[in-house]
Amino acid sequence: MKVKTISRNIKYVIAIFVFSALSISFATNANAEQKYSTLKEYSVTYELKGNSSGTKQHASQDWGRKQCWIEVSDMNIMGNSVKKNEKVISEIKDGEQWITTINLDDNTGTTMKNPMFPGIAEGAKNKNPKEFSEQFMKQMGGQVKGQKTVNGEKCTEWTLMGGAFTCVTEDLIAVESGANMAGIEILEVATEVKRNNPGPKAICDIGGAKIKEIDMNQMMGQ
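Reading the values: rules and limits
Residues numbered from 1 in each chain as written. Predicted model: local features only at pLDDT ≥ 70, side-chain atom pairs only at ≥ 80, totals over all residues. Heavy atoms only, no water. Helix = DSSP H or I, 4+ residues; strand = E, 2+ residues; numbered from the N terminus. Pairing = 2+ DSSP bridges. Axes fitted to C-alpha atoms, helices over the stretch in contact; angles between N-to-C directions. Core = buried A, V, L, I, M, F, W, Y, C linked by side-chain atoms within 4.5 Å. Buried < 20%, exposed > 50% of the residue type's maximum accessible area, 1.4 Å probe, protein only. Contact = heavy atoms within 4.5 Å. Disulfide = S-S within 2.5 Å. Salt bridge = Lys/Arg side-chain N within 4 Å of Asp/Glu carboxyl O. Polar contact = N/O pair within 3.5 Å; in protein donor to acceptor, adjacent residues only side chain to side chain.

Chemist: What should I look at first to understand the environment of Ser-52 in this one?
Modeler: Topologically, Ser-52 is positioned in strand 2 (residues 52-61). For the pair Ser-52 and Lys-83, spaced 31 residues apart in sequence, the C-alpha to C-alpha distance is 9.2 Å.

Chemist: Just to check I follow, could you spell out the sheet that holds strand 3 (residues 66-77) for this structure?
Modeler: The strands that make up a sheet pair up through hydrogen bonds in the backbone, lying either parallel or antiparallel. The strand order across the open sheet built from twelve strands is 7-8-9-10-11-1-2-3-4-5-6-12, with neighbouring strands paired in mixed fashion. Either end of the sheet is taken by a strand with one partner, and the two such strands are strand 7 (143-150) and strand 12 (210-213). Mean inter-strand twist for the sheet, computed between neighbouring axes without regard to direction, equals 20°. Note: strand 4 (residues 80-93) against strand 5 (residues 96-103), eight bridges, orientation antiparallel. Its bridge partner lying in strand 5, Val-88 is registered against Thr-101.

Chemist: What am I meant to see in the pairing of strand 3 here?
Modeler: Regular strands place side chains that alternate from one sheet face to the opposite one. Bridging between strand 2 and strand 3 involves ten bridges; their strand directions are antiparallel. Residue Ser-60 lies in a different strand from strand 3, and its bridge partner there is Gln-67. Connecting strand 2 to the next strand, strand 3, in antiparallel fashion are four residues, including Asp-62 with a positive phi near 55°. Sheet analysis places strand 3 next to strand 4, joined by twelve bridges and oriented antiparallel.

Chemist: Honestly, the nonpolar core in this entry has me stumped. Any pointers?
Modeler: A general trend in soluble globular proteins is that nonpolar side chains are found buried together. Core analysis: the biggest nonpolar cluster contains 14 residues, and Val-44, Ile-173, Val-175, Ala-190 and Val-193 have the highest contact counts within it. Those elements giving two or more residues to this core turn out to be strand 1 (42-50), strand 10 (174-181) and strand 11 (184-195). Sort the elements by how many residues they give to this core and strand 11 lands first, with four residues. Setting aside residues no more than four positions away along its own chain, Val-44 makes contact with Lys-56, Gln-57, His-58, Ile-173, Ala-190, Glu-192 and Val-193. By size, the runner-up hydrophobic cluster in this structure holds seven residues, among which are Met-137, Ala-164, Leu-172 and Ala-179.

Chemist: Would you explain the state of the cysteines in this entry?
Modeler: Two cysteines form a disulfide when their sulfur atoms are joined by a covalent bond. Across all of its chains, the model carries two disulfides by this definition. The disulfide that involves Cys-155 links it to Cys-167, with 2.0 Å between the sulfurs. Taking the torsion about the sulfur-sulfur bond, which here is approximately 90°, the covalent link between Cys-155 and Cys-167 counts as right-handed. A residue pair is termed long-range when its members are at least 10 positions apart, and Cys-155 in strand 8 (residues 153-159) and Cys-167 in strand 9 (residues 164-168) qualify at twelve residues.

Chemist: Explain the side chain of Glu-157 here, please?
Modeler: Within the secondary structure layout, Glu-157 lies in strand 8. The class for Glu-157 is buried, based on a relative accessible area of 18%. Discounting residues that sit within four places of it in the chain, Glu-157 has contacts with Gln-143, Val-144, Lys-145, Gly-146, Gln-147, Lys-148, Thr-166 and Cys-167.

Chemist: Please clarify how the pattern of salt bridges should be interpreted in this entry.
Modeler: Oppositely charged side chains can pair when the atoms bearing their charge come close. Under the defined criterion, the tally for this structure stands at ten salt bridges. Glu-157 serves as the salt-bridge partner of Lys-148, at 3.9 Å between the closest nitrogen and oxygen. For Arg-195, the salt bridge goes to Glu-153, with nearest N and O atoms at 3.0 Å. In this pair, Arg-195 is assigned in strand 11 and Glu-153 in strand 8, connecting sequence segments 42 residues apart. Glu-153 gets classed as buried once you look at its relative accessible area, which sits at 16%. Among the ionic contacts, a cluster of salt bridges with common partners joins Lys-56, Glu-71 and Glu-188.

Chemist: Would you mind showing me how to read the environment of Asn-85 here?
Modeler: Mapped onto the fold, Asn-85 is located in strand 4. Judged by relative accessible area, which is 23%, Asn-85 ranks as partly exposed. Here the alpha-carbon distance between Asn-85 and Asp-106, two residues 21 residues apart in the chain, equals 9.7 Å. In this structure, Asn-85 is in contact with Glu-71, Val-72, Ile-102, Asn-103, Leu-104 and Asp-105, ignoring residues within four places of it in sequence.

Chemist: I keep staring at the side chain of Ser-43 and nothing clicks. Help me out?
Modeler: Assignment of secondary structure puts Ser-43 in strand 1. With a relative accessible area of 3%, Ser-43 lands in the buried category. A polar atom in the side chain of Ser-43 sits 3.2 Å from the side chain of Asn-197. The contacts of Ser-43, once residues within four sequence positions are left out, are Gln-57, His-58, Ala-59, Glu-192, Val-193, Lys-194, Asn-197 and Gly-199.

The following block contains the structure:
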């Protein structure tokens, strides 16, 4: 398997568990006024460790309806370096979750609809964000390991299937997340958490990037 393919697959494991279960706290429906987070807005700066080094700036806006991050990293796998300079924008609109990924080196990217979102949102009916977040993680094999403090933030530790793990604050901010698979470790640790802060200017803007729509099911099949 090629190094870039390994890197991509590990990243998707983390994204599926951490992003789906925590960054967006799904609620009872997908109308324009629905809140998807306990906080109107917040931003987090992460340090990347393990086989990957670098930083990630994450922003949650509009009660979680829009989640964005910029990652600048260098992953070392089997002596090979895989560099990333990437922006990701997730937005919930018209009952669907769209995920746009932009390569900031050449200003090109892709956008795709998350086929899992409608089913996940349906399962959240009649549950508050915290209840559903915990239920979703348990369905994915999650187990509570204990409590800890990460750079001043108290959080609940979860172990997840596939070698993934995370630590979540009471208001559902992931302050530590990662995965350890086949001897490859990826760890994201929050170094700064800002509540009531929308993040850096333009972090959720596509700008002038050239975007192509793709099918997530087809991409995952590859």
